[in-house]
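If you want the building blocks of each chain, they are given just below.
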Amino acid sequence: MTISSSLMSDDKGFGKAVYIATYGCQMNEYDSELVRSILAQAGYVFVDGANEADIVLLNTCSVRENAHRKVYGHIHEIRHKRQGRPVVIGVLGCMATGLRQELMDDRALALDLVVGPDSYKRLPQILTAIRAGLKPAPTLQGARYPMITTTMEHPGYDVTLSEFETYADVYPTRSAGVNAWVAVMRGCNNFCSFCIVPYTRGRERSRPVENVLDEVKRLADDGFKQVTLLGQNVNSYRHDGKDFAHLLDEISKIKRIARIRFTSPHPKDFPESLIRVLGENPKVCKQVHLPLQAGNDRVLALMNRHYTGAVFMDLVTRIRRACPGIALSTDIIVGFPTETGLEFNDTVRLMQEAAFDSAFIFKYSVRPNTEAERRLKDDVPEKEKTERIVRINKIQTDISLGKNKALIGQIEPVLIESVVLSKGNSVYGRNDANKIVVLPKGNFKPGDMVQARITAATPHQLKGEPLAS
Ligand code: SAH
Ligand code: SF4
Ligand code: F3S
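Every value quoted in this text rests on a predicted model; they were computed, and no experiment measured them.

As a further point, take the site of ligand 3. The environment of ligand 3 is formed by Cys-25, Asn-28, Thr-60, Cys-61, Ser-62, Val-63, Cys-94, Val-197, Arg-201 and Gln-232. Here the residues of the shell around ligand 3 sort into 5 nonpolar, 4 polar and 1 charged. Inspection of the shell around ligand 3 shows a minimum of three residues originating in each of domain 1 (5–158) and domain 2 (179–405).

On to the site of ligand 2, then. Surveying the vicinity of ligand 2 reveals the residues Cys-188, Asn-190, Phe-191, Cys-192, Phe-194, Cys-195, Val-197, Pro-198, His-266 and Arg-305. Per-class residue counts for the shell around ligand 2 are 7 nonpolar, 2 polar and 1 charged.

Turning next to the pairing of strand S1 (residues 17–22). Two faces belong to every sheet, and in a regular strand the side chains alternate between them. Within S1, 5 of the 6 residues are buried, leaving the element largely enclosed by the surrounding structure. Inspection of the sheet shows S1 paired to strand S2 (residues 45–46) by 2 bridges, in the parallel sense. Within S2, the position partnered with Ala-17 by the bridge is Val-45. You can see the chain leave S1, run along helix H1 (residues 26–41) and come back into S2, and the turn it takes is right-handed. Two elements, S1 and strand S3 (residues 55–60), share 5 bridges in a ladder whose sense is parallel. If you follow Tyr-19 over to S3, its bridge partner there is Val-56.

Moving on, we come to the environment of Val-71. Mapped onto the secondary structure, Val-71 falls in helix H2 (residues 65–82). Note on Val-71: relative accessible area 0%, which makes it buried. Separated by 10 residues in the primary sequence, Val-71 and Cys-61 place their C-alpha atoms 8.1 Å from one another. With sequence-adjacent residues up to four places away left out, Val-71 is seen in contact with Tyr-23, Thr-60 and Met-95.

So, on to the side chain of Lys-435. Relative to the assigned elements, Lys-435 resides in the loop between strand S18 (426–430) and strand S19 (436–440). Within the local environment of Lys-435, its side chain forms a polar contact with the side chain of Asp-357, the two groups lying 2.7 Å apart.

Spatial strand order, S7-S10-S13: 3 strands in an open sheet with parallel pairing. Lying at the two open borders of the sheet, with one neighbouring strand each, are strand S7 (179–183) and strand S13 (259–263). Taken over all neighbouring pairs, the strand axes of this sheet differ in orientation by 25° on average, direction set aside. The pairing of strand S10 (residues 226–230) with S13 spans 5 bridges and is classified as parallel.

With that settled, the discussion passes to the sheet that holds strand S16 (residues 358–363). On the basis of which strands lie adjacent, the open sheet formed by 3 strands has the order S14-S15-S16 and parallel pairing. Each edge of the sheet is formed by a strand with only one pairing partner; in this case those strands are strand S14 (287–289) and S16. This sheet shows a mean twist of 10° between the axes of neighbouring strands, independent of strand direction. Direction of pairing for S14 relative to strand S15 (residues 327–334): parallel, over a ladder of 3 bridges.

A few words now on the pattern of salt bridges. This structure, assessed with the given rule, holds 29 salt bridges. One salt bridge in this structure joins Asp-357 and Lys-435, with 2.7 Å as the shortest N-O distance. One end of the pair, Asp-357, is in the loop between helix H11 (341–354) and S16; the other, Lys-435, is in the loop between S18 and S19, and 78 residues separate them in sequence. The class for Asp-357 is buried, based on a relative accessible area of 8%. Through salt bridges with shared partners, a single ionic network connects Glu-33, Arg-174, Arg-207 and Glu-215.

Per-residue confidence for the protein chain averages 90 on the pLDDT scale, and 92% of its residues sit at or above 70. Below a pLDDT of 50 lies the segment residues 1–7, which in the model reaches 12 contacts outside its immediate sequence neighbourhood of four places, other chains included. Below a pLDDT of 50 lies the segment residues 135–150, which in the model reaches 38 contacts outside its immediate sequence neighbourhood of four places, other chains included.

Buried residues dominate S10, accounting for 5 of its 5 residues. Side chains Gln-226, Thr-228 and Leu-230 project from S10 onto one buried face, and the interleaved Val-227 and Leu-229 project onto a second face that is buried too. Sheet topology note: the S7/S10 ladder contains 5 bridges and is parallel. The residue of S10 that forms the bridge with Ala-180 is Val-227.

Looking at the element boundaries, Gln-461 is found in strand S21 (residues 461–466). Accessibility expressed as a relative area gives 34% for Gln-461, which makes it partly exposed. For the pair Gln-461 and Phe-356, spaced 105 residues apart in the sequence, the C-alpha separation amounts to 15 Å. With sequence-adjacent residues up to four places away left out, Gln-461 is seen in contact with Asn-404, Ile-436, Val-438 and Ala-456.

We now examine the packing of helix H7 (residues 244–252) against helix H8 (residues 272–280). One way to put it is that H7 packs onto H8 with a least axis distance of 8 Å and a crossing angle of 25°. By the criterion of interaxial angle, the relationship of H7 to H8 is roughly parallel. Within the contact between the two elements, H7 uses Phe-244, Ala-245, Leu-248 and Asp-249 and H8 uses Ser-273, Leu-274 and Val-277.

Inside soluble globular proteins, nonpolar side chains tend to come together where they are buried. Counting residues in hydrophobic clusters, the biggest one holds 71 residues, and the most contacted among them are Val-184, Leu-229 and Phe-244. No other element matches helix H6 (residues 209–221), which puts 6 residues into this core. Judged by nonpolar contacts, the second largest core, of 29 residues, contains Val-47, Tyr-72, Val-91 and Leu-99.

All right, on to unusual backbone geometry then. Looking along the chain, the bond that leaves Thr-263 and enters Ser-264 is cis, with omega of -10°. The topology assignment puts Ser-264 in the loop between S13 and H8. The phi torsion at Phe-191 lies on the positive side, around 50°, for a residue other than glycine. As for its placement among the helices and strands, Phe-191 is situated in the loop between strand S8 (185–186) and helix H5 (197–201). Judged by relative accessible area, which is 28%, Phe-191 ranks as partly exposed. Non-glycine residue Gln-293 carries a positive phi angle of around 75°. Along the chain, Gln-293 falls in the loop between S14 and helix H9 (297–302). Relative accessible area serves as the criterion here: at 7%, Gln-293 is assigned to the buried category.

What counts, and where the lines are drawn
- Residues numbered from 1 in each chain as written.
- Chains lettered and ligands numbered in written order.
- Predicted model: local features only at pLDDT ≥ 70, side-chain atom pairs only at ≥ 80, totals over all residues.
- Heavy atoms only, no water.
- Near = heavy atom within 4 Å.
- Nonpolar A, V, L, I, M, F, W, Y, C, P; charged D, E, K, R; others polar.
- Domains from an automatic or database assignment.
- Buried < 20%, exposed > 50% of the residue type's maximum accessible area, 1.4 Å probe, protein only.
- Helix = DSSP H or I, 4+ residues; strand = E, 2+ residues; numbered from the N terminus.
- Pairing = 2+ DSSP bridges.
- Right-handed = clockwise from strand over helix to strand, strands pointing away.
- Contact = heavy atoms within 4.5 Å.
- Polar contact = N/O pair within 3.5 Å; in protein donor to acceptor, adjacent residues only side chain to side chain.
- Axes fitted to C-alpha atoms, helices over the stretch in contact; angles between N-to-C directions.
- Salt bridge = Lys/Arg side-chain N within 4 Å of Asp/Glu carboxyl O.
- pLDDT = per-residue confidence, 0-100.
- Parallel < 35°, antiparallel > 145°, perpendicular 65-115°, else oblique.
- Core = buried A, V, L, I, M, F, W, Y, C linked by side-chain atoms within 4.5 Å.

So, in structure tokens, the structure goes:
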């Protein structure tokens with residue numbers, strides 16, 4: 001949809017067409033939906049590209065260095081493409097809080113606003129203030145407003161982190177679909193030594209159970225079949241003495257919601273009650289993302305992860321015992337400061353032992369102000385990090401393939417998500433374990449639950465045939 005911005009302007013003649021680009025994790029996807037809802041209430045409209053927009057908001061991620069570089073690249077590209085035509089450009093999300101001053105001071109970026117994840121309700125007010133208060137910039141091509149020099153007084157600057165903001169009173173504007181993200185808690189108190197998130201998103205806080213239930217009921221009314229509960233540390237959810245296991249059970253009572261997923265849990269917050277819900281509640285999907293990060297105990301301690309390799313493996317065993325066939329995925333960081341080749345072998349060994357269905361493997365990258373940045377030297381050479389990542393990826397690909405092949409011949413319920421892109425004669429959905437299953441198109445539509453026999457497998461997806469009904 002393209003809307004001419006001249007049709008949509010406020011009484012001062014400022015266009016109200018907004019383009020939001022989202023980077024990073026699902027929490028940021030969710031936050032962009034919150035921002036859409038907040039701005040729509042204030043009369044803003046949304047366009048599909050930066051070129052047609054009056055306001056471009058980049059909801060950013062800082063978790064690894066390349067995430068961060070991508071955002072810089074995008075801002076420069078927008079400025080270049082606009083060729084001097086005015087546009088308000090703002091940075092939201094984790095980079096806004098993480099890099100605050102640096103972003104504001106960067107003359108080449110020439111940002112108009114920098115707003116952190118707890119200040120989105122102020123966006124309409126902030127946009128009005130910067131647009132009303134500032135005159136066109138005489139110097140920089142493409143920048144409509146003078147560049148920010150003193151951050152504190154600038155109306156476009158708000159990176160305050162809140163101990164309370166959960167956006168419980170905002171119903172996000174989602175595009176129609178099968179799955180809806182629902183943030184049930186925000187922030188992180190864990191301070192893993194490599195991670196910037198506790199600094200960019202502040203302290204943990206959870207939404208009331210009733211408030212989450214109201215949102216999920218509304219989602220069911222809107223036709224969503226699956227909810228994925230989100231939190232930086234989702235299983236540390238707690239409100240008025242009610243924990244995450246309780247929340248899952250309560251949500252599962254909502255009739256038209258067929259599946260419940262959640263991400264990301266921390267291995268240290270996995271009580272027996274939660275394992276029991278995973279095993280016993282049929283709506284809670286048999287899939288858990290359980291970030292291991294490293295297999296060596298010295299490295300895990302330096303990472304401040306609060307478990308050893310043995311404790312992690314014991315958790316894996318208990319989850320699998322309660323929930324046979326459950327799919328487990330993980331995150332791994334290779335080349336954490338001081339990690340030796342021998343210590344890395346412990347990660348390889350644990351990966352083989354745990355036999356995850358899939359894994360996201362990252363090279364360690366230094367993040368500003370983290371404990372690892374302050375106390376340790378990034379001393380594993382780039383070449384060594386590359387060798388470790390290649391080695392572990394190969395091992396994981398073989399494990400993933402073996403796991404997927406073992407499903408051939410089995411009958412799996414598949415929740416249809418979409419028609420497959422390329423030829424349009426297939427549809428895809430996901431099984432309970434969150435694996436993609438491609439099926440011949442038939443008459444299926446998104447939201448249908450189809451019983452399918454698995455006929456083929458690659459490391460990353462399955463093929464199936466629907467059973468005759
Ligand atoms: N809250 C989630 C993780 C969020 S970040 C959790 O605890 O599971 C997602 C992943 O990015 C992390 O699990 C970690 O593997 C990776 N990551 C975080 N900081 C990193 C860094 N400095 N370098 C490399 N990878 C990092
Ligand atoms: Fe980062 Fe650790 Fe918190 Fe996850 S649990 S967001 S890795 S500090
Ligand atoms: Fe990135 Fe922030 Fe998510 S740093 S991974 S967008 S919590």
